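In case you want the letters, here they are:
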Amino acid sequence: MENKRQFFRITLYESPLKIFKDGKEYKGEMHDISGNGINFQSKMEWEENDELTLRFTIKQQTFQFDAKIVRKDFGTLGRSQYACQFLRQRNKDQSALSALLLRIEADRKKNKRE
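Residues numbered from 1 in each chain as written. Predicted model: local features only at pLDDT ≥ 70, side-chain atom pairs only at ≥ 80, totals over all residues. Heavy atoms only, no water.

Enquirer: Quick question: what am I supposed to make of the nonpolar core here?
Expert: Side chains of a nonpolar character, in soluble globular proteins, are inclined to be buried together. One finds Ile33, Ile38, Phe40, Phe56 and Ile58 to be the most contacted residues of the largest nonpolar core, which totals 25 residues. Among the secondary structure elements, those contributing two or more residues to this core are strand S1 (9-21), strand S2 (24-34), strand S3 (37-42), strand S4 (51-58), strand S5 (61-74), strand S6 (80-87) and helix H1 (91-113). (Core = buried A, V, L, I, M, F, W, Y, C linked by side-chain atoms within 4.5 Å. Buried < 20%, exposed > 50% of the residue type's maximum accessible area, 1.4 Å probe, protein only. Helix = DSSP H or I, 4+ residues; strand = E, 2+ residues; numbered from the N terminus.)

Pasting the structure below:
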């Protein structure tokens, strides 16, 4: 199977995520993330093509992106799982996120070798 991803993805199980939709704030948990998208779980119900604003912190760096739900699946513990593509990103924000994810992946590989 061909990998169609433009960016590599790293796993961040149960990392907190703030979700904003129609002026309200909701909670979710990240599953994995790349430079142009995220997979998360939430107790809230949204549909494919819904647009959300997502805010999250990784290694003391906070990011906020608008995102579009491209897939909805059944998660665990009564939660839905969503795959989202980031929208309208500023290049510097996308670059900062991608660089951080590369550092995290490099550290994980280094720690496995030690």
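Enquirer: In this structure, what is going on with the environment of alanine 96? I would like to understand it.
Expert: Summarising the element assignment, alanine 96 is placed in helix H1. Of the residues examined, alanine 96 reaches a relative accessible area of 29% and is grouped as partly exposed. It is 26 Å that separates the C-alpha atoms of alanine 96 and asparagine 49, two residues lying 47 residues apart in sequence.

Enquirer: What am I meant to see in the pattern of salt bridges here?
Expert: Two side chains with opposite charge may pair up if their charged atoms get near one another. Under the definition given, this model contains 4 salt bridges. The salt bridge involving glutamate 45 is made with lysine 72; its shortest N-O contact spans 2.6 Å. In this pair, glutamate 45 sits in the loop between S3 and S4 while lysine 72 sits in strand S5, placing the two residues 27 residues apart along the sequence. Measuring nitrogen to oxygen at the nearest pair gives 3.5 Å for the salt bridge that ties lysine 72 to glutamate 47. Taken together, the residues span a long stretch of sequence, with lysine 72 in strand S5 and glutamate 47 in the loop between S3 and S4 at a distance of 25 residues. Residue classification places glutamate 47 among the partly exposed residues on the basis of a relative accessible area of 47%. Shared partners join several salt bridges into a network, and the residues in it are Glu45, Glu47 and Lys72. (Salt bridge = Lys/Arg side-chain N within 4 Å of Asp/Glu carboxyl O.)

Enquirer: Would you explain the side chain of aspartate 32 in this entry?
Expert: Looking at the element boundaries, aspartate 32 is found in strand S2. Side chain to side chain, aspartate 32 and histidine 31 meet in a polar contact 3.0 Å long. Residue contacts for aspartate 32: discarding those within four places in its chain leaves Arg9, Ile10, Thr11, Leu12, Ile38 and Asn39. (Polar contact = N/O pair within 3.5 Å; in protein donor to acceptor, adjacent residues only side chain to side chain. Contact = heavy atoms within 4.5 Å.)

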